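As a plain string of letters, each chain reads:
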Amino acid sequence: MKLKKFLLFTLVFAVSLTGVAFAKDALIVADQYDPTTLDPIGHNDYPTSRACSHIYDTLIFLGKDGKLKPGLAEKWEFLTDKAYKIYLRCGVKFHNGEEMKAEDVKFSLERANTPAGSHIHTYSQDLEKVEIIDDYTVIIYLKKVNYPFFSSLVHSWGSIVNKKAVEAAGDDYGMNPVGTGPFKFVEWAKGDHYTLERFDDYWGEKAKFKTLTVRSIPEPTNRTIELETGAVDIAYPVTTVELRRIEESDELILQRKSLPSTTYLGFNVTKAPFNNLKVRQAIYALLDTVNIQRAVFRGVGKTPRSLVPSSTKYSIDDQLAPHERDVERAKKLFEEAGVDPSSLKIVIRSNERKERIDMATIIQAQLSELGIRSEIMQQEWGAYLSDLQKKTHDVFLLGWGLSVPDPDYAVAGLLESNAGTNYTGFNDPALDEMLQKGRSLPDGAEREKVYKDMQLYINSQLPMIYLHADEAIAGVRKIVKGFEVDPFEVHSFRNVYFEE
C-alpha cells in the first residue's frame, strides 16, 4: 500500500514538472508598497487603490478608450445637472453571499462623506444624498453642480461595500473587506503580502486563475530578481536602472505607458520661511529641475511645467517654456525676502523609493551652493503619509497621479483647502473659487479658460516644484497573458491567464 502511494506521488510529481497535468492557478505579483487599508474610502494612494480594485466594483467602469461603461450600474440617466438616476444590476452577490441592493449603494456613497472618508472628500464632497427608489434603483443628488463628479465614481471611493459587513466589523473593517469584485479577501500579512481568491459567484467574467497574492517588495532590484527567477509573475514599478535587465531577458516583457502624474517637491506653506512666496521662488530659481529629472530618470518621463498633466484636457504643460536654473536670481529673491540662505536648515522628507532619494540628494547638493544646510529623512510608506498629515515637515517629495481623467482632480486633491491629501497646507480662497467654478461648468471654452488660468495661478504661487512626470512600467513573465499596464496605474488582473 505504501509502495503504491509512493509510486502515485512520484508519477503526479513527474507529470506536474512537465507542465502537462497542472495549469498554473496562482498569480503572484510584486508591488512596491503595501496597502494602507482595504477600506475603499480610507485612503488615496495607488497600492491601496490596486488592492481595492479587485475586491470591489464601482457603479461605472472606465474603459480602455477612456469612456465610461456600465459596472454595477446597468444604465443611468441624467435627470438634471445635479441628479443621476442609477439602475443597478440584479442578482449581484457580495463575497458574504448577500445580494447587493440599493441600500448598500446608498450606504457606501454617503459613508464617504463621514470622517472615515476624510482622505477622499475631494471626490465626495458635493454629494448631498442617495435616494432609494426600489431595491435596484437609486437617485444620486448633488449639493451643487459638479460636472466631473459622475466620472469620479470610477475611483476607488465609489466602491460598493456590504452595509451589514461594515457595521459588523466597525473600526476593523479595513482588515475584513467584503465587496462584489472578482476576488474575495483571504488574508493580509501587513508589510509582507495580501492574498485574494477567485469569487466563483462573481456577476461578470470570472477570473481564469484561483489565487492572487500581492507581495510588498520596496527594493527595486529585489523585485526584478524575483521576477527573473519566477517567484513572481508581474512586478512594478520597474525603475530606470532595471529597464535594460528586463528588456534583455528572454523570459520577460517590459510594458510601459505615460502616466498622468506629477512628482513634486512640496513646501509646507504653513511654516516659516516657506510661508514666504519669495523664499519659495528663490528655491525654485536655485534648483535645476530639468537636469535633476534627466540625471535620475535617464530617458523615462519628463519634467512637467504644469500641475495638470500634458495628456489631460486643458493642460498648458506643453505650452510653457522649460524651467532654467538662475542662481543669481535666487540670491536676489532671498535678499528681498530678508532671509539669509545660510541660516536655513531644511529637512527633505522622502519615502523609500530610490528615485526620490536620488532626487533629494541632488537637491541637497544644489541647495548647499548658497549655504543652505539640508537633511534627508527617509520613511516607510505608511508612516510617511501619516506624518505628512500632521504638517510638521519642511519640504517633501511625493507623487500625485490621476485615476479620473479630468483636470479638476489633478489640482483639487493636492491644493484645495479642505483636501485630505493637501500636504502643503496651501489655503488659498482664490484657487478654491476657481475650482468651484471649473466644476460648475460643462466642457467647453469657458471651462477650458478657468483651468488654464488656474494652472498659471498655481505656478505663480509655487506651493510645489514639479520634478517628474512618470511612466507606468511593469515587468511581466512571458507566460502571463491578458495583462496590460494601466495608464492610471491601477493595474488590473481581471483578464490575466497563463499560457505555457
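Here the structure is a predicted model, which is why all the values come from computation and not from measurement. (Residues numbered from 1 in each chain as written. Predicted model: local features only at pLDDT ≥ 70, side-chain atom pairs only at ≥ 80, totals over all residues. Heavy atoms only, no water.)

Counting its secondary structure elements, the chain contains 16 helices and 20 strands. Its C-alpha radius of gyration of 24 Å places the chain within 12% of the 23 Å reference for a compact globule of 500 residues. The dimensions of the chain, computed from C-alpha atoms along their principal axes, are 90 × 55 × 40 Å. Looking at the chain as a whole, 55% of its 500 residues qualify as buried. Taking as baseline every contact in the chain between residues at least 6 positions apart, the subset at least 24 positions apart corresponds to 68%. Side-chain charges in the chain split into 62 positive and 72 negative, and the spacing between the mean points of these groups amounts to 2 Å. (Helix = DSSP H or I, 4+ residues; strand = E, 2+ residues; numbered from the N terminus. Rg over C-alpha atoms; globule rule 2.2 N^0.38 Å. Buried < 20%, exposed > 50% of the residue type's maximum accessible area, 1.4 Å probe, protein only. Contact = heavy atoms within 4.5 Å. Lys, Arg positive; Asp, Glu negative; His and termini not counted. Charge placed at Lys NZ, Arg CZ, Asp CG, Glu CD.)

With that settled, consider the sheet that holds strand β16 (residues 395-401). Strands sit in the order β15-β14-β16-β13-β17 across an open sheet of five strands; the sheet is mixed. Looking at strand neighbours, the two that pair on one side only are β15 (373-379) and β17 (464-468), the edges of this open sheet. When the angles between neighbouring strand axes are averaged without regard to direction, this sheet yields 30°. In this fold helix α13 (residues 381-390) packs onto β14 (345-351), β15 and β16, with an angle of close to 105° to the strand it touches most, β16. (Pairing = 2+ DSSP bridges. Axes fitted to C-alpha atoms, helices over the stretch in contact; angles between N-to-C directions.)

Moving on to the sheet that holds strand β8 (residues 183-189). Overall, mixed pairing links the seven strands, which are arranged β8-β9-β10-β1-β11-β18-β12 in an open sheet. This sheet does not close on itself; its edge strands, each paired only once, are β8 and β12 (252-258). Note: strand β1 (residues 26-31) against strand β10 (residues 211-216), six bridges, orientation parallel. The residue of β10 that forms the bridge with Ala-30 is Arg-215. Along the sheet, helix α2 (residues 46-55) contacts β1, β8, β9 (193-198) and β10; its crossing angle with β9, the most-contacted strand, is approximately 20°. Of the strands in this sheet, β1, β10, β11 (234-235), β12 and β18 (471-477) are in contact with helix α7 (residues 220-229), which crosses β18 at around 30°.

Here the focus is the packing of aromatic side chains. Across all of its chains, the model carries 17 aromatic pairs by this definition. Aromatic pair Phe-61 and Trp-203: ring centres 6.4 Å apart, planes at 25°, arrangement stacked. One end of the pair, Phe-61, is in strand β2 (residues 60-62); the other, Trp-203, is in the loop between β9 and β10, with 142 residues separating them in the sequence. What makes Trp-203 partly exposed here is its relative accessible area of 26%. Following the ring pairs from residue to residue traces out a cluster consisting of Trp-76, Phe-78, Tyr-84, Phe-149, Phe-150 and Trp-157. The cationic tip of Lys-129 hangs over the ring face of Tyr-141; the distance from NZ or CZ to the ring centre is 5.3 Å. (Phe/Tyr/Trp six-rings, centres within 6.5 Å; stacked < 30°, edge-to-face > 60°. Lys NZ or Arg CZ within 6 Å of the ring centre and 35° of its normal.)

Take the environment of Pro-442 next. Mapped onto the elements, Pro-442 comes out in the loop between α15 (429-439) and α16 (445-461). The residues touching Pro-442, leaving out its near neighbours within four places in the chain, are Tyr-147 and Arg-447.

Our next topic: the pairing of β10. The sheet contact formed by β9 and β10 spans five bridges and is antiparallel. Across the sheet, residue Tyr-194 finds its bridge partner in β10, namely Val-214.

The next thing to look at is helix α11 (residues 327-337). Listed as buried for α11 are Ala-330, Leu-333, Phe-334 and Ala-337. Relative to the axis of α11, the buried residues are bounded by an arc of 100° and lie together on one face. Seen from the open side of α11, the exposed residues pointing more than 90 degrees away from its buried face are Glu-328, Lys-332 and Glu-335. Buried positions along α11 lie against α9 (277-286). Between a side-chain oxygen at the N-terminus of α11 and the backbone nitrogen of Glu-328 the separation is 3.4 Å; the capping residue is Asp-326. After α11 finishes, the residue Gly-338 shows a positive phi value of roughly 75°. (Arc of directions from axis to C-beta. Polar contact = N/O pair within 3.5 Å; in protein donor to acceptor, adjacent residues only side chain to side chain.)

A word on unusual backbone geometry. Following Tyr-236, the chain continues into Pro-237 via a peptide bond in cis, with omega recorded as -10°. Within the fold, Pro-237 resides in the loop between β11 and α8 (243-247). Unlike most non-glycine residues, Tyr-314 shows phi in positive territory, near 75°. Within the element layout of this structure, Tyr-314 appears in the loop between α10 (289-297) and α11. In this structure Tyr-314 comes out as buried when scored by relative accessible area, which is 13%. Its identity as a non-glycine residue notwithstanding, Glu-489 has a phi of 65°, on the positive side. Within the secondary structure, Glu-489 sits in the loop between β19 (480-481) and β20 (497-498).

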